[in-house]
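Listed here are the chains, written in short residue letters.
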Amino acid sequence: MSAYWQEREVKQKLRFQTKTEKEIERELRKLYTNAADKVIEAMEFIYPSLLEDEALASYYYRYRKYYKLLEHINKELTLLGKEEIRVLESKLMNMYNYSAWKTLKGLNYSVSNKMELEKVIQSLMDNRTSWSKTVWCKDGLAGSQRVEKAMTQLQNQLEKGMSDCVLRGASKDELVKTLKSRFDVSFSEANRLARTELTYIQNQATKDSFKKAGVKEYEFLATEDNRTSDLCADLNGQRFPIDAAVVGVNYPPLHANCRSTVLAVID
């Protein structure tokens, strides 16, 4: 396959990745907005009782109200985490399927018909551990564990935000503003995670397809613009044996929000 057709194929995969990023962003925004609304509604209802004078409300009464609220938050965030994992698992597998399809077709992988190619791609997917159970980052966490960790951090931030507001005697409007900002930060982090995971899964599908088609070597291809990292720029154009590919070292993604990919080196 010529360099022209390879670069055309890469652009098609990146367009699909961008489309998928937008789909994930829309779905995650809906999930986070819904969770935020439910948590804030519960907090608005209980918050006045937490500010009551001790002469009007016993410590035990406020303590019980507070922990009932924490249980509610935990329930909502557990559900949010599960839904986030469901969305990511589905969209990432779609990305894998598309990337493998374009790569194998571009390499003129020999199959008798479309159905046979679909079977080959399905076998590649079946041989992979699901994204939610895959550990590939330096943090040593699988996909689902990163989401669960983010939910724990969000709960801690919500509790801290509420406690601070209670101690300062802040207004309900200030409380709502504080809690919304915590959800906004968590949503941004979830979106960043999704973009990085898409780059990972797209390049894993490409690597699996290269191996299936007998490609022995790949060329690192950075997206060259004013946002290109030094790490990616330094590796751009370098060639490596496919069996020596190491994510984060000489194979993308090299970092969060990485946009690099690879080309097949064909003699």
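Starting from 1, residues in each chain are numbered consecutively following that chain's sequence as written. Reporting in this predicted model follows two pLDDT cut-offs: at least 70 for local features of residues, and 80 or more for side-chain atom pairs to be given and counted; totals over whole chains, interfaces and linings ignore these cut-offs and use all residues. Heavy atoms throughout the structure, all of them, feed into the side-chain values; hydrogens and water do not.

### Observations concerning the side chain of K207
Move 1: Helix and strand assignments come from DSSP, with helices taken as H or I runs of at least 4 residues and strands as E runs of at least 2, each series counted from the N terminus. Inspection of the secondary structure puts K207 in helix α5 (residues 172-212).
Move 2: The side chain of K207 is buried and forms no salt bridge, while D208, the nearest opposite charge, is found at 5.6 Å. Categorising residues by exposure relies on relative accessible area from a 1.4 Å probe, with only protein chains included: less than 20% of the type maximum marks a residue as buried, more than 50% marks it as exposed, and the intermediate range marks it as partly exposed. In this tally Asp and Glu are treated as negative and Lys and Arg as positive; neither His nor the chain ends contributes. We count a salt bridge whenever a side-chain nitrogen from Lys or Arg sits within 4 Å of a carboxyl oxygen from Asp or Glu.

### Things to note about the pattern of salt bridges
Move 1: Applying the stated rule across the entire model yields 16 salt bridges.
Move 2: Salt-bridge contacts for R86 lead to E83; the nearest nitrogen and oxygen are separated by 2.9 Å. One end of the pair is R86 and the other is E83, both in helix α2 (residues 59-106) and three residues apart, which spans about a single turn.
Move 3: Judged by relative accessible area, E83 falls into the partly exposed class, the value being 25%.
Move 4: Put simply, D164 and K160 hold a salt bridge, and the shortest N to O gap is 3.1 Å. Within this pair, D164 and its partner K160 are both found in helix α4 (residues 143-168), separated by four residues, close to a single helical turn.
Move 5: Among the residues examined, D164 registers a relative accessible area of 29% and is labelled partly exposed.
Move 6: It is possible to trace a salt-bridge network through shared partners that takes in K19, E23, E27 and K91.

### Some remarks on the confidence of the model for the protein chain
Move 1: On average, residues of the protein chain score 89 in pLDDT, and 94% of them are at 70 or above.
Move 2: Confidence of the predictor in every single residue is expressed as pLDDT, which spans 0 to 100. When pLDDT is averaged over each element of the protein chain, strand β2 (residues 239-241) comes out on top at 97 and helix α3 (residues 114-126) at the bottom at 88.

### Some remarks on the layout of surface pockets
Move 1: Only protein atoms enter the 1 Å grid used here. Points where a 1.4 Å probe fits but cannot escape make up a cavity, open sets with protein on both sides within 12 Å along at least five of seven lines make up a pocket, and a residue lines them when an atom lies within 4 Å of a point. Grid points are joined across faces, edges and corners, and a volume is the space filled by probe spheres set on the points. By volume, the largest pocket is sized at about 710 Å³.
Move 2: Of all the secondary-structure elements, those providing two or more residues to the lining of the largest pocket are α4 and α5.
Move 3: For the lining of the largest pocket, the leading source of residues is α5, giving nine residues.
Move 4: Looking at the lining of the largest pocket residue by residue, the classes come out as 15 nonpolar, six polar and nine charged. As a working rule, the residues Ala, Val, Leu, Ile, Met, Phe, Trp, Tyr, Cys and Pro are called nonpolar, Asp, Glu, Lys and Arg charged, and the rest polar, with Gly in that last group.

### Regarding the environment of F210
Move 1: Its place among the elements puts F210 in helix α5.
Move 2: Among the residues examined, F210 registers a relative accessible area of 2% and is labelled buried.
Move 3: F210 sits 54 residues away from A264 along the chain, and the two C-alpha atoms are 7.0 Å apart.
Move 4: Whether two residues are in contact is decided by their heavy atoms, any of which lying within 4.5 Å being enough. Not counting residues within four places of it along the chain, the set of residues in contact with F210 comprises T103, L107, V215, Y218, I242, V262, L263 and A264.

### Re the side chain of E23
Move 1: As for its placement among the helices and strands, E23 is situated in helix α1 (residues 3-50).
Move 2: For E23, a relative accessible area of 18% puts it in the buried group.
Move 3: For E23, the side chain forms a polar contact with the side chain of K19, separated by 2.8 Å.
Move 4: A polar atom in the side chain of E23 sits 3.1 Å from the side chain of K91. Pairs of N or O atoms within 3.5 Å make up the polar contacts considered here, provided that, within protein, one atom can donate a hydrogen while the other can accept it, and that residues adjacent in sequence are counted only when both atoms are side-chain atoms.

### What to know about the packing of aromatic side chains
Move 1: Two rings belonging to Phe, Tyr or Trp (six-membered ring only in the last case) form a pair when the distance between their centres is within 6.5 Å. Interplanar angles under 30 degrees mark stacking, angles over 60 mark edge-to-face geometry, and anything in between is tilted. Tallying each qualifying case throughout the model produces five aromatic pairs.
Move 2: Their ring planes at 65 degrees and their centres at 5.9 Å tell us that Y32 and F187 sit as a pair that is edge-to-face. Linking Y32 in helix α1 with F187 in helix α5, this pair joins segments that are 155 residues apart in sequence. As far as the burial class goes, Y32 and F187 line up, both buried.
Move 3: A centroid spacing of 5.1 Å and a plane angle of 85 degrees characterise the contact between Y218 and Y251, whose relative ring orientation is edge-to-face.

### Remarks on the pairing of strand β1 (residues 217-221)
In the case of a regular strand, side chains alternate between the two sheet surfaces.
Move 1: Pairing between strands requires that DSSP locate at least two bridges from one strand to the other. Sheet topology places β1 next to β2; three bridges connect them, and they run antiparallel. When the sheet's bridge partners are listed, E217 is paired in β2 with P241.
Move 2: The pairing of β1 with strand β3 (residues 261-265) spans five bridges and is antiparallel. Bridging from a neighbouring strand, E219 pairs with L263 of β3.

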